[in-house]
Amino acid sequence: MNSVSPSAVQYVGGVVVPEEPKEPQRSHQRSLEPEGSSFGHRQGLPPENNRDVTGEPDEVDKLKAKLMSAWNNVKYGWTVKSKTSFNKTSPVTVLGHTYLLNSEDEVERFRLAFVSRLWLTYRREFPQLEGSTLTTDCGWGCMLRSGQMLLAQGLLVHLMQPDWAWPDAQPLADVDFEVLRPRSPARAGGVPIPSFGSARAPTIQPNAPPSEQATKRSQRKRPEVARDRQAEPLHRSLVSWFGDQPPAPFGVHQLVELGKSSGKKAGDWYGPSVVAHILRKAVANTTEVKNLVVYVALDCTVYKEDVVRLCELSLSSSPPGETTTTTTSGNNHPGGKSVIILVPVRLGGESLNPSYIDCVKNILKLECCIGIIGGKPKHSLFFIGYQDEQLLYLDPHYCQPVVNLSQNNVSLESFHCSSPRKMPFSRMDPSCTIGFYANNVKDFESLCSAVSVALSSTKEKYPIFTFVDGRSQDYGLESHSSTSSDSAARILSPDTLSGRSNNHHGSTDEFVFL
């Protein structure tokens, strides 16, 4: 796996990275993800048949796990610094907002929008995962981390003001802004301006880079800074929910535990569909987040009445005194609980169908979109926007030490990325999960209309997914509805929908190929 992390950390010179170990022979069992869409490596993890009868790892397994953890800590613990070029004449879209990077003010708005997103990466030296000897998720947990970032974005929208920005956001690093000719290769004919990569200083120095001076001036003149500073305790609480400690409701320990019901364990591959259902269970199980539910689409279909009933039933089941709650963003919920809608899809066979690129762009233009978890083969990423024919993403493939978030005033810089990264649409893996947020039932109706328009932009006969009136049980899918807390919700294959069962139950990552 060739990983270039979006971290601004300096490469430690002199480190010789050994040749990447070969992936072990696949078993004859069918993979949970379609071929070519497995995310994260499972290399070198202790095989199941080496465990003793008690299910505990033996000494050989423990040694193997320690060696593999040490290898992954080295592999993902450094980064090659490379600059990302942005075209000053083309708009950049970030989760429903567009920026034309031809002025200081626009660059500043883009900086706040990007750096304020939560960045959740590999961590090492956290408490041992139950049932394993692993104290790091390096090499296998990238899709879980991408899923965490998707959920974190939904929680930011749910809890914070719409224009909230992290008041301590770092300056952009490793970025060039250039004037590029349309359809020309990156950097062709470019006229670079100074990079936004210098370290911050407590005061503006006379020779400080223009980007840093602009950042300091912006912090002084933004009227929302004082309000955003007041929301910092909530921001810190939100980050702590993703901490790498067993009690954290959305931490890797809880997500791995919830994945066991889907046949997953620590060190396994996790696909975008499995992660969607794990996130649904995590939100349903926690008491930290009020007035929020998660719906996972079935068979690339969102059943509207199922979503409405999920919001209303969840509201009616709330404890007394919690039926109407006002969040920091000032949004109350008289029309039902808020909902995060996760839609696992597959945008082609072995590679992305180019016909769906415009559709993905239009989805990322919507304010109701909270991102896409996917990536490229065996390399999960969290997509939050695009410019021209390149996707903008956050990369979890950087190993950082665990942070004790229970300490007061601990730095949160390792949870926010200051180095934007881009990749061509053509390298996007077709297996992904798209996320949306609706504040209440009325907003959900508006979401359906806006997303339907975006989906109609494709020239393909079949849209990426559809909205359908009614409930899933009306189509014979009651036992698989994601509104049922005791069912293993899954994406059904065409044979299942048509009644042609072959007695081989599909996994939670079966997709309808478009």
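Owing to the predicted nature of the structure, the values given are computational and were not obtained by experimental measurement.

Student: Got a minute to help me understand the overall build of the protein in this structure?
Tutor: A count of helices and strands for the protein gives 12 helices and 15 strands. Burial statistics for the protein: of 514 residues in total, 56% are counted as buried. Residue pairs in contact within the protein that sit at least 24 positions apart in sequence constitute 74% of those at least 6 positions apart. Approximately 22,300 Å² of the protein is accessible, and the part contributed by carbon and sulfur atoms is 51%.

Student: Sorry if this is basic, but what is going on with the pattern of salt bridges here?
Tutor: Within this structure, the stated rule accounts for 15 salt bridges. For Asp 168, the salt bridge goes to Arg 229, with nearest N and O atoms at 3.1 Å. Remark: Arg 229 occurs in helix α5 (residues 224-230) and Asp 168 occurs in the loop between α3 (142-159) and β5 (175-178); sequence separation between them is 61 residues. Note on Arg 229: relative accessible area 40%, which makes it partly exposed. Asp 268 is the salt-bridge partner of Lys 265, the closest N and O atoms lying 3.4 Å from each other. The exposure class assigned to Asp 268 is buried, which follows from its relative accessible area of 7%.

Student: Help me out: how do you make sense of the confidence of the model for the protein in this one?
Tutor: In regions of low pLDDT, the predicted coordinates are not meant to be interpreted in detail. The predicted model of the protein averages 76 in pLDDT, with 65% of residues at 70 or higher. Note on residues 41-54: pLDDT is under 50 here. Beyond four places in sequence and across chains, it has 36 contacts.

Student: Teacher, can you tell me more about the nonpolar core here?
Tutor: The tendency in soluble globular proteins is for nonpolar side chains to be buried as a group. Counting 75 residues, the largest nonpolar core has Phe 110, Leu 144, Leu 155, Phe 242, Phe 250 and Tyr 270 as the members making the most contacts within it. Among the elements that make up this core, the one with the highest residue count is α3 (nine residues). Not counting residues within four places of it along the chain, the set of residues in contact with Leu 144 comprises Val 252, Leu 255, Val 256, Tyr 270, Val 275 and Ile 278. Ranked by size, the runner-up nonpolar core spans 49 residues in total, among them Tyr 393, Ile 434, Leu 447 and Phe 465.

Student: What is the right way to read the pairing of strand β6 (residues 292-296) from this model?
Tutor: Put simply, side chains in a regular strand alternate between the two faces of the sheet. Of all five residues that make up β6, five are buried, and the element is covered over most of its length. Covered by surrounding structure in β6 are Leu 292, Val 294 and Val 296 together with Val 293 and Tyr 295, the residues of both alternating faces. Sheet analysis places β6 next to strand β8 (residues 338-346), joined by five bridges and oriented parallel. Paired with Val 294 across the bridge in β8 is Ile 340.

Student: I would appreciate a short explanation of the packing of aromatic side chains in the present structure.
Tutor: Note on aromatic pairs: each is described by the distance of the centres and the angle between the planes. Going through the model one piece at a time under the given rule, you end up with 11 aromatic pairs. Ring geometry for Trp 119 against Tyr 398: centres 6.3 Å apart, planes inclined by 5°, an arrangement best described as stacked. Of this pair, Trp 119 sits in the loop between α2 (104-115) and β4 (123-124) while Tyr 398 sits in the loop between β11 (390-394) and β12 (400-401), placing them 279 residues apart in sequence. Of the two residues, Trp 119 and Tyr 398, both sit in the buried class. Members of the aromatic cluster, connected to one another through ring pairs, are Phe 86, Tyr 99, Phe 110, Phe 114 and Phe 177. If you follow Arg 123 out to its NZ or CZ, it ends over the ring of Phe 415, 4.5 Å from the centre.

Student: What exactly am I supposed to notice about helix α8 (residues 272-285) here?
Tutor: Each turn of an α-helix holds 3.6 residues, which means side chains three or four residues apart point in the same direction. Between its first and last C-alpha atoms α8 spans 20 Å; for 14 residues at 1.5 Å apiece the expected length is 20 Å, and the two agree. In the core, the buried residues of α8 are packed alongside α3, α7 (252-259), β6, β8, β9 (369-376) and β14 (431-438).

Student: Would you explain helix α10 (residues 357-364) in this entry?
Tutor: Of all eight residues that make up α10, six are buried, and the element is covered over most of its length. Every buried residue of α10 is accounted for by Ile 357, Cys 359, Val 360, Lys 361, Ile 363 and Leu 364. Residues of α10 that are buried sit in contact with β2 (91-94), β9, β10 (379-387), β11, β14 and α11 (441-455).

Student: What should I look at first to understand the packing of α7 against α8 in this one?
Tutor: Packed helices, taken two at a time, are described by the angle their axes make and the gap between the axes. Between α7 and α8, the least distance of the axes is 9 Å, while the angle of their chain directions is 110°. Viewed along their axes, α7 and α8 adopt a mutual orientation that is roughly perpendicular. Relative to α8, the crossing made by α7 is right-handed. Listed contacts from α8 to Leu 255, Leu 258 and Gly 259 of α7 are Ile 278, Leu 279, Lys 281, Ala 282 and Asn 285. Here the residues of the contact of α7 with α8 are counted per class, giving five nonpolar, two polar and one charged.

Student: What am I meant to see in unusual backbone geometry here?
Tutor: One can expect most non-glycine residues to show negative phi and most peptide bonds to be in trans. Residue Glu 125 is not a glycine yet carries a positive backbone phi of 70°. For Cys 300, which is not glycine, the phi dihedral falls at a positive 55°.

Student: Explain the side chain of Asn 353 here, please?
Tutor: Its location among the elements puts Asn 353 in the loop between β8 and α10. On the basis of relative accessibility, which here comes to 17%, the residue Asn 353 falls in the buried class. Residues contacting Asn 353, with those up to four places away along its chain left out, are Leu 347, Gly 348 and Glu 460.

Student: Help me understand the environment of Asn 440 in this model?
Tutor: For Asn 440, the position within the fold is in the loop between β14 and α11. When its relative accessible area of 14% is taken as the criterion, Asn 440 is described as buried. There is a polar contact of 3.2 Å between the side chain of Asn 440 and the backbone nitrogen of Lys 442. Side-chain polar atoms of Asn 440 contact the backbone nitrogen of Asp 443, separated by 2.9 Å.

Student: It is not clear to me how the environment of Val 345 should be interpreted in this structure. Could you clarify?
Tutor: Here Val 345 lies in strand β8. Taking C-alpha positions, Val 345 is 6.1 Å from Cys 300, a pair spaced 45 residues apart along the chain.

Student: I tried to follow the environment of Ser 355 on my own but got confused; where do I start?
Tutor: Structurally, Ser 355 can be placed in the loop between β8 and α10. As for Ser 355 and Lys 459, which are separated by 104 residues in sequence, their C-alpha atoms are 6.5 Å apart. Among residues more than four places away in sequence, those in contact with Ser 355 are Thr 458 and Glu 460.

Student: Just checking my understanding: could you explain the state of the cysteines for this structure?
Tutor: Disulfides are covalent bonds that connect the sulfur atoms of two cysteines. Applying the stated rule across the entire model yields zero disulfides. With no disulfide of its own, Cys 368 lies 6.9 Å from the sulfur of Cys 369, the closest cysteine sulfur.

Reading guide: rules and limits
- Residues numbered from 1 in each chain as written.
- Predicted model: local features only at pLDDT ≥ 70, side-chain atom pairs only at ≥ 80, totals over all residues.
- Heavy atoms only, no water.
- Helix = DSSP H or I, 4+ residues; strand = E, 2+ residues; numbered from the N terminus.
- Buried < 20%, exposed > 50% of the residue type's maximum accessible area, 1.4 Å probe, protein only.
- Contact = heavy atoms within 4.5 Å.
- Areas by Shrake-Rupley, 256 points an atom, 1.4 Å probe, with all protein chains shown as cover.
- Salt bridge = Lys/Arg side-chain N within 4 Å of Asp/Glu carboxyl O.
- pLDDT = per-residue confidence, 0-100.
- Core = buried A, V, L, I, M, F, W, Y, C linked by side-chain atoms within 4.5 Å.
- Pairing = 2+ DSSP bridges.
- Phe/Tyr/Trp six-rings, centres within 6.5 Å; stacked < 30°, edge-to-face > 60°.
- Lys NZ or Arg CZ within 6 Å of the ring centre and 35° of its normal.
- Expected span 1.5 Å × (residues − 1).
- Axes fitted to C-alpha atoms, helices over the stretch in contact; angles between N-to-C directions.
- Parallel < 35°, antiparallel > 145°, perpendicular 65-115°, else oblique.
- Left-handed = near helix turned anticlockwise from the far one by under 90°.
- Nonpolar A, V, L, I, M, F, W, Y, C, P; charged D, E, K, R; others polar.
- Polar contact = N/O pair within 3.5 Å; in protein donor to acceptor, adjacent residues only side chain to side chain.
- Disulfide = S-S within 2.5 Å.

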